[in-house]
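Architecture at a glance
Read off the chains here:
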Amino acid sequence: MSEAEAYSYDADMRKANRKQAVEGRSVIFKIKRCDGPGKSTRWESFKIPIETGANVISSLNWIAANPVTVEGTKTTPVVWDSSCLEEVCGACTMVINGRVRQSCSCLIDEYAPKDGDVMTLEPMSKFPVIRDLWVDRQRLFSNLTRVKGWVPIDGTYNMGAGPKESHEQQQMRYALSECMSCGCCLEACPQFTKEEDESQWDSSFVGAHAISQARYFNEHETGKQLKDERMDALSGAGGINDCGNAQNCVKVCPKGIPLTESIGAIGRSATMHAIKQFFQGKK
Amino acid sequence: MSENADSMQNRHFLLRRLHSLSGIVPVGVFLIVHLVTNSTIAWGGLNSRVDQEGFGWFDRSIATFQHEVSFINNMPLLLLIEITLWSAIGFHSILGVYYAMSGKGNTGSYKYGGNLRYALQRTTGYFGIFFIFYHVATLRWGWTWLVPGGVEWSHEHASSTFAAALQGSTDGFTAVGFLVACFYFLGVSALVFHFANGLWSAAITWGITVSRPAQKRWGIMCAGLGAGLMFLAWVSVIGFATLDYDQAREVEDQLLGESIHMNVDDAHDAVTLTGHDDIDG
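Residues numbered from 1 in each chain as written. Chains lettered and ligands numbered in written order. Predicted model: local features only at pLDDT ≥ 70, side-chain atom pairs only at ≥ 80, totals over all residues.

Time to look at the overall build of chain A. What chain A contains, in helices and strands, is ten helices and seven strands. If one aligns the C-alpha atoms of chain A with their principal axes, the spans along those axes are about 70 × 40 × 40 Å. By sequence separation, contacts in chain A at least 24 residues apart represent 69% of the contacts at least 6 residues apart. (Helix = DSSP H or I, 4+ residues; strand = E, 2+ residues; numbered from the N terminus. Contact = placed C-beta atoms within 7 Å.)

Looking now at the overall build of chain B. When you go through chain B residue by residue, the secondary structure sums to ten helices and zero strands. Shown N-terminal to C-terminal, the secondary structure of chain B runs as helices and strands in the order α-α-α-α-α-α-α-α-α-α. A buried classification covers 35% of the 281 residues belonging to chain B. Long-range contacts, defined as pairs at least 24 residues apart, comprise 64% of the intrachain contacts of chain B with a sequence gap of at least 6. (Buried ≥ 20, exposed ≤ 12 C-beta atoms within 10 Å, placed from the backbone.)

All names here are of chain A. For chain A, the assigned domains read domain 1 (11–135) and domain 2 (138–280). Each of domain 1 and domain 2 has a C-alpha centre, and the two are 32 Å apart. Contacts between the two partners involve 14 residues from domain 1 and, on the opposite side, 14 residues from domain 2. Of all the secondary-structure elements, those providing two or more residues to the side of domain 1 that touches domain 2 are β3 (93–96) and β4 (99–102). Considering every element that reaches the side of domain 1 that touches domain 2, the biggest residue donor is β4, with three residues. Its residues assigned to classes, the side of domain 1 that touches domain 2 shows seven nonpolar, four polar and three charged. (Domains from an automatic or database assignment. Nonpolar A, V, L, I, M, F, W, Y, C, P; charged D, E, K, R; others polar.)

We now examine helix α2 (residues 56–65) of chain A. Residues and elements named next belong to chain A. By the burial criterion, the buried members of α2 are Val-56, Ser-59, Leu-60 and Ile-63. One face of α2 carries all of its buried residues, which in axial projection span an arc of 100°. Its buried side turned inward, α2 meets β1 (26–34), β2 (41–49), β3, α3 (108–111) and β5 (118–122). (Arc of directions from axis to C-beta.)

The next subject is the pairing of β3(A). Residues and elements named next belong to chain A. The sheet contact formed by β3 and β4 spans four bridges and is antiparallel. Counted as the bridge partner of Met-94 is Arg-101 from β4. Linking two consecutive strands that pair antiparallel, namely β3 and β4, is a turn of two residues; a positive phi of about 50° is found at Asn-97 within it. Bridge count between β3 and β5: two bridges; the pairing is antiparallel. Looking across to β5, one finds that Ile-96 is bridged to Leu-121. (Pairing = 2+ DSSP bridges.)

Turning next to helix α7 (residues 175–205) of chain B. Helical periodicity: at 3.6 residues per turn, an α-helix aligns residues three or four positions apart in one direction. Residues and elements named next belong to chain B. Taking 1.5 Å of rise per residue, the 31 residues of α7 would be expected to cover 45 Å, and the 44 Å separating its terminal C-alpha atoms lies within 8% of that figure. Among the 31 residues that make up α7, 22 are buried, leaving the element largely enclosed by the rest of the structure. Where α7 ends, the next residue or the one after it, Gly-207, has phi of about 80°, a positive value. (Expected span 1.5 Å × (residues − 1).)

This part covers the nonpolar core. Nonpolar side chains in soluble globular proteins generally cluster together in the buried interior. Judged by nonpolar contacts, the single largest core of 113 residues is most densely connected at A:Cys185, A:Ile211, A:Leu234, A:Cys249 and B:Leu166. Ranked by the residues each element gives to this core, the list is headed by α7(B), at 15 residues. Once you skip the residues sitting within four places of it in the chain, A:Leu234 turns out to touch A:Val147, A:Ile211, A:Ala214, A:Gly239, A:Ile240, A:Ile266 and A:Ala270. (Core = buried A, V, L, I, M, F, W, Y, C linked by C-beta atoms within 7 Å.)

This part takes up the sheet that holds β1(A). All names here are of chain A. Within the open sheet, the five strands sit side by side as β2-β1-β5-β3-β4. Their pairing is mixed. In this open sheet, the two edge strands, each paired with only one partner strand, are β2 and β4. On average, each strand axis in the sheet is inclined to that of its neighbour by 30°, with strand direction left out of account. (Axes fitted to C-alpha atoms, helices over the stretch in contact; angles between N-to-C directions.)

Turning next to the interface of chain B and chain A. Listed per partner, the contact involves 27 residues of chain B and 30 residues of chain A. Those elements giving two or more residues to the side of chain B that touches chain A turn out to be α1 (3–38), α5 (113–139), α7 and α8 (212–241) of chain B. Here the side of chain B that touches chain A takes six residues from α1(B), the largest share from any one element. Split into classes, the residues belonging to the side of chain B that touches chain A amount to eight nonpolar, 15 polar and four charged.

For the rest of this paragraph, the subject is the packing of α7(B) against α8(B). All names here are of chain B. In the contact formed by α7 and α8, the axes pass within 9 Å of each other and the chain directions differ by 160°. Considering their axes alone, α7 and α8 lie roughly antiparallel with respect to each other. Considering only the axes of α7 and α8, their crossing is right-handed. Together, Ala-181, Tyr-184, Phe-185, Val-188, Ser-189, Val-192, Phe-193, Ala-196, Leu-199, Trp-200, Ala-203 and Ile-204 of α7 and Gln-215, Trp-218, Gly-219, Cys-222, Ala-223, Leu-225, Gly-226, Leu-229, Met-230, Ala-233, Val-237 and Ala-241 of α8 make up the contact between the two elements. When grouped by side-chain class, the residues that make up the contact of α7 with α8 number 20 nonpolar, four polar and no charged. (Parallel < 35°, antiparallel > 145°, perpendicular 65-115°, else oblique. Left-handed = near helix turned anticlockwise from the far one by under 90°.)

This next bit is on unusual backbone geometry. Residues B:Val25 and B:Pro26 are joined by a peptide bond in cis, for which omega reads 5°. Topologically, B:Pro26 is positioned in helix α1. Within the chain, A:Lys148 stands out as a residue other than glycine whose phi angle is a positive 50°. Locating A:Lys148 in the fold gives a position in the loop between α4 (138–146) and α5 (167–177). For A:Lys148, a count of 21 C-beta atoms within 10 Å translates into the label buried.

Quick look at the structure:
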């Protein structure tokens, strides 16, 4: 079902790079740094000896132990966010050589095979920077609450077991369930722009991840109880209609989630929702 | 949620979907009709019904186009149709610019086909507004000061005056005229792309195409329609830009002469055929 398109861009080149990676080389890491929220940014470069199988996180660990730039100036260790180190938590997402991806699964051999090659690391541009490569993804989670991305089970009585689900439906929803809220789809989306003012979040574009999660829960036999409320939110300002169909989201999704199919499906639900509201809505 | 917020949400949805719809009906449908009509200058030679003694391929094309223009000009409530189109184009343009400004292109980092089409959809939209305004202002509203050579388009001399407006004079290309012809070529190309790509994305917006294979299939159909319309658009512009003014004028005068002749013979037919009050003017 999920046709993994993740990083398909330049995939052949990266595979070729891995084969010709030079042992014992050093790579320059050019990192966009920022000391704190609202502070100015600057670039700093570090020369790092590459071990077999090194990735961006192991390289950042090396910098933390040796925080000295290529000019020989001692600086502060570079700050980044990470947790699982196996590309399932989404915390270490950053912009590497101009494109967004997880840094833990980013092998140096694929990007910088020769001595003196340069790797560029930047924080995601759509979220406020906390420090260096560490960003605050609160808006991403706030948008999930906007579309009520959950199954309503709390109540005053036991609702019993949920209805049965067909195998096909399970397969479809499994692909959607793989979302780890990393933010790649938002970083690559031309319609999802940085919004500093928190009061504007609820009327700014909600993003592919939230649209896909709304579909995930709309298709759940118990979760569909909140479908009308989800569609109310998604029909409004910043909802499904703000999608510009650039379809970058599905290209950069590390889990190969069919995000553009979710956008089409929620578009259909929004059309049906509007017709239903027009003929039988009470508002 | 307050009542106000609900009505805002409904209005947002309605405006967005009307924006999508207006690009197809009436604007897109009109674009198809308009290009089919205008391309008769290239393929009207096939039309044997306008044939006369001594007529070649291009004479028949000129006559066919003239018949089409006269037919449109005699449509009942034409001004109402025009105002509907102008309003729809204005609505689609204003909202389109507003929506386009909410995004921030990133084709530099993400060079995917879809992303390039996203950027191109916005660029062609901006350029298309500019082109349509020039096109309608000069040829419909009579802003001849914007036409190099200052030719005014006339319903009775549809081919010849349009050719002169594209070429910059009544005897072949001038330098500025050539620029106008190039501007037309780019303008129609931009609008055809904008329509075909818009048709593809509208199917996702409305939820008609959901699965990726469906989006791809519909994309191939939109590309096919776009290629066909692009061909019609190009032969229209090339046809008029290379048209001989004097030849066109001769054919048109001949047709006008017939109308006058019929006017004398059979006043009833002439009214339905020409509908012009001042045939000599």
